[in-house]
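Fold and geometry: a report
This is what each chain is made of:
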Amino acid sequence: MPNWFHILFNGLYHLGLALWIGGAVALGALAAPVLFGALPRQQAGSIFGPTLRRFAKLRLAAVALMIVGAGAKFFVFERFAHSPWIAIRWVLIAILAVTVVYEIAVLHPAMERLRGDPAFARLHKRSEGLMKGSLVVAVVALFLS
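Described below are features of the structure shown in this document. (Residues numbered from 1 in each chain as written. Predicted model: local features only at pLDDT ≥ 70, side-chain atom pairs only at ≥ 80, totals over all residues. Heavy atoms only, no water.)

1. Things to note about the packing of helix 2 (residues 41-78) against helix 3 (residues 84-113)
Helix 3 packs onto helix 2 with a crossing angle of 160° between their chain directions and a minimal axis gap of 10 Å. By the angle between their directions, the pair helix 2 and helix 3 is classed as roughly antiparallel. Crossing handedness for the pair helix 2 and helix 3: left-handed. (Axes fitted to C-alpha atoms, helices over the stretch in contact; angles between N-to-C directions. Helix = DSSP H or I, 4+ residues; strand = E, 2+ residues; numbered from the N terminus. Parallel < 35°, antiparallel > 145°, perpendicular 65-115°, else oblique. Left-handed = near helix turned anticlockwise from the far one by under 90°.)

2. Considering the packing of aromatic side chains
According to the stated counting rule, one finds four aromatic pairs in the structure shown. Summarising the aromatic geometry, the rings of Phe 36 and Phe 48 are spaced 5.9 Å apart at their centres and angled 80° between planes, so their arrangement reads as edge-to-face. Placement of the pair is Phe 36 in helix 1 (residues 4-38) and Phe 48 in helix 2, with a sequence separation of 12 residues. The partly exposed category is assigned to Phe 36, whose relative accessible area is 30%. Using a relative accessible area of 11% as the deciding quantity, one classes Phe 48 as buried. Centre to centre, the rings of Phe 74 and Phe 75 are 5.3 Å apart; their planes meet at 75°, and the pair counts as edge-to-face. Looking at Phe 75, the relative accessible area reads 53%, which means it is exposed. (Phe/Tyr/Trp six-rings, centres within 6.5 Å; stacked < 30°, edge-to-face > 60°. Buried < 20%, exposed > 50% of the residue type's maximum accessible area, 1.4 Å probe, protein only.)

3. Let's talk about the packing of helix 1 against helix 2
Interhelical geometry of helix 1 versus helix 2 gives an angle of 165° and a closest axis separation of 8 Å. It follows from the interaxial angle that helix 1 and helix 2 lie roughly antiparallel. Taken as a pair, helix 1 and helix 2 cross one another with a handedness that is left-handed. Looking at the contact of helix 1 with helix 2, its residues break down into 29 nonpolar, seven polar and three charged. (Nonpolar A, V, L, I, M, F, W, Y, C, P; charged D, E, K, R; others polar.)

Next up, the structure:
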């Protein structure tokens, strides 16, 4: 007989990761190159910037799903297990959570204020690096379920 609670908790965790990984690939690897290749940089940025801000909010919800799924799984099934992989999973989830909160609370507002300023390029590079780094972290977390 299937363990429905385990399936549900793992499903929540994996749904969060699927939203994070799938969205990052769809936007970063597929949509951005086409958009910036077809439109002038300023116009493409004015379209893509709000899209990324919305995606950050979706990633916040994705982290919440990961926390709920992994937390329930831990308390019901793994509480007495002594595996370093469980701790590593929580560290990866924490990295994803801190990344998205930093983007929403600090990075995106600063980028909005500095649009057109030369300092914008530095923040854009940081944002791009965070997106790529968090994608790697999410893929690693996928294998620690």
